[in-house]
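Breakdown of the fold
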Amino acid sequence: MTKIGTAIRAERTARGLTLTEISRGAGFSIPYVGDIEHGKRLPPHRTLLRIAAQFPDVSTAAWSWLLAEDLFGVVAVEAMRTHAAAAG
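Below, the structure is looked at part by part.

Conventions adopted
Residues numbered from 1 in each chain as written. Predicted model: local features only at pLDDT ≥ 70, side-chain atom pairs only at ≥ 80, totals over all residues. Heavy atoms only, no water. Helix = DSSP H or I, 4+ residues; strand = E, 2+ residues; numbered from the N terminus. Buried < 20%, exposed > 50% of the residue type's maximum accessible area, 1.4 Å probe, protein only. Contact = heavy atoms within 4.5 Å. Core = buried A, V, L, I, M, F, W, Y, C linked by side-chain atoms within 4.5 Å.

Structurally, Thr47 is set in helix 4 (residues 45-52). Taking the relative accessible area as the measure of exposure, Thr47 reaches 10% and is therefore buried. Setting aside chain neighbours within four positions, we find Thr47 in contact with Phe28, Tyr32 and Ile36.

Here is the structure:
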């Protein structure tokens, strides 16, 4: 799971909304948003903003920060893998 995926799912379920409602409201397929919620995909920032618009009372900065933390984690892991492969 990713921080952003976990947060989207938690917010959605706390409000009693379905994946279908959020997906349609944001203009994305159900499998795509489901993959984001389950950490199989990290959304581009514009995608995140469209999903976040389904929760207008939550700051977009909060959503963006979670995405940045997930992205930074991915970059750090890739950097470690690259370094380990170069070291041999």
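Counting 15 residues, the largest nonpolar core has Ile4, Ile8, Phe28, Val33, Leu48, Ile51 and Trp63 as the members making the most contacts within it. Elements supplying a minimum of two residues to this core: helix 1 (3-14), helix 2 (19-26), helix 3 (30-37), helix 4 and helix 5 (60-87). Residues in contact with Leu48, not counting those within four places in the same chain, are Ile4, Ile8, Pro43, Trp63, Ser64 and Leu67.

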